[in-house]
Amino acid sequence: MYKELNEIFIPASDWVEMILPLLNKGYELKISPNGTSMLPFICGGRDEAVLIARTDIRLKRGDVVLYSREDKTYVLHRIHHIKAGRIYMLGDIQTWIEGPIEDENVVAVVKAFVRKGKYISCHNFIYKLVTGLWLVLRPVRPFLWKHYCLIKKRLGG
């Protein structure tokens, strides 16, 4: 029995090194992240992230990047802050900050998302406003998320 193409999962560790030359030539790559660490902004298995090369991009708070951890796993998370050239990362549903991540471990930057079929640029004013607020609300995220889920469940969503 054959699997549908969209059911095949290839670990990032197997494809990242192959796509870096394409990104560095200016191509964009659309990936489908998995997992729940980037909820509520990215739903693994549904949404897609449009990656661009890291070259000539000055990273800043709020950027979503693809980076490698020390154990060579690749993660798509948001930059919480940068201090002395070292980067501290955070999943959107998480409250703990990971880091420091060395600058050279960042392999790509997210340019946009495709959420429920709609293209959303990371430069969109409303996107930047909402995600910036979400960064500030880090300490109360569990409370907000719990109540959001309860309301959604009661409304049948």
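Everything discussed here concerns the structure shown above.
Residues numbered from 1 in each chain as written. Predicted model: local features only at pLDDT ≥ 70, side-chain atom pairs only at ≥ 80, totals over all residues. Heavy atoms only, no water.

J.: In this structure, what is going on with the packing of aromatic side chains? I would like to understand it.
T.: Note on aromatic pairs: each is described by the distance of the centres and the angle between the planes. Applying the stated criterion to the full structure yields 3 aromatic pairs. Ring geometry for Phe-113 versus Tyr-127: centroids 5.8 Å apart, planes at 45°, classification tilted. On the criterion of sequence distance, the pair formed by Phe-113 in strand β7 (residues 106-115) and Tyr-127 in helix α2 (residues 125-136) is long-range, its members being 14 residues apart. There is no split in this pair, since Phe-113 and Tyr-127 are both buried. (Phe/Tyr/Trp six-rings, centres within 6.5 Å; stacked < 30°, edge-to-face > 60°. Helix = DSSP H or I, 4+ residues; strand = E, 2+ residues; numbered from the N terminus. Buried < 20%, exposed > 50% of the residue type's maximum accessible area, 1.4 Å probe, protein only.)

J.: Help me out: how do you make sense of the pairing of strand β8 (residues 118-121) in this one?
T.: Put simply, side chains in a regular strand alternate between the two faces of the sheet. Two elements, β7 and β8, share 4 bridges in a ladder whose sense is antiparallel. Note that in β8 the partner of Phe-113 across the bridge is Ile-120. (Pairing = 2+ DSSP bridges.)

J.: Help me understand the layout of surface pockets in this model?
T.: Over the atoms, a rolling probe the size of a water molecule traces out where space has been left empty. Size it by volume and the second largest pocket reaches roughly 330 Å³. Listed by contribution, the elements that provide at least two residues to the lining of the second largest pocket are β7 and α2. (1 Å grid on protein atoms, 1.4 Å probe; cavity = no way out; pocket = protein on both sides within 12 Å on 5 of 7 lines; lining within 4 Å. Points joined across faces, edges and corners; volume = space filled by probe spheres on them.)

J.: When you look at the side chain of Arg-78 in this model, what are you seeing that I'm missing?
T.: Among the secondary structure elements, Arg-78 is positioned in strand β4 (residues 74-83). Among the residues examined, Arg-78 registers a relative accessible area of 1% and is labelled buried. Here Tyr-127 takes part through its side chain, which lies 3.1 Å from a polar atom of the side chain of Arg-78. (Polar contact = N/O pair within 3.5 Å; in protein donor to acceptor, adjacent residues only side chain to side chain.)

J.: What exactly am I supposed to notice about the environment of Ile-82 here?
T.: Within the fold, Ile-82 resides in strand β4. Put simply, Ile-82 and Phe-41 are 41 residues apart on the chain and 22 Å apart in space, counted from C-alpha to C-alpha. Here Ile-82 is in contact with Leu-59, Lys-60 and Ile-87, once residues within four sequence places are set aside. (Contact = heavy atoms within 4.5 Å.)

J.: Is there a simple way to think about the nonpolar core in this case?
T.: Grouped together as the largest cluster of nonpolar side chains are 22 residues, with contacts concentrated most on Val-16, Leu-51, Leu-66, Leu-76, Val-110 and Phe-113. Counting only elements with at least two residues in this core, the list comes to α1 (12-24), β2 (48-53), β3 (64-68), β4 and β7. At 6 residues, the largest contribution of residues to this core is made by α1. If near-sequence neighbours (up to four positions away) are discounted, Val-16 is found in contact with Leu-66, Tyr-74 and Val-107. Membership of the second largest hydrophobic core comes to 10 residues, among which are Ile-87, Ile-101, Val-106 and Val-109. (Core = buried A, V, L, I, M, F, W, Y, C linked by side-chain atoms within 4.5 Å.)

J.: Just to check I follow, could you spell out helix α3 (residues 141-154) for this structure?
T.: In an α-helix, one turn spans 3.6 residues, which is why side chains three or four residues apart end up on the same side. In this model, α3 (14 residues) spans 20 Å end to end at C-alpha, consistent with the 20 Å of a helix rising 1.5 Å per residue. Trailing α3 by a residue or two, Gly-156 shows a phi angle of about 80°, which is positive. (Expected span 1.5 Å × (residues − 1).)

J.: Hey, could you run me through the pattern of salt bridges in this one?
T.: If you walk through the whole model with that rule in mind, you get 9 salt bridges. Here Arg-46 makes a salt bridge to Asp-47, at a shortest N to O gap of 2.7 Å. Since its relative accessible area comes to 36%, Arg-46 is described here as partly exposed. Notably, a salt bridge pairs Lys-60 with Asp-63, separated by 3.2 Å at the nearest N-O pair. Residue classification places Lys-60 among the partly exposed residues on the basis of a relative accessible area of 41%. On the basis of relative accessible area, Asp-63 is assigned to the buried category, the value being 13%. When salt bridges with common partners are traced through the structure, they connect Arg-46, Asp-47 and Arg-115 into a single cluster. (Salt bridge = Lys/Arg side-chain N within 4 Å of Asp/Glu carboxyl O.)

Keep in mind these numbers describe shape, not what the thing actually does.
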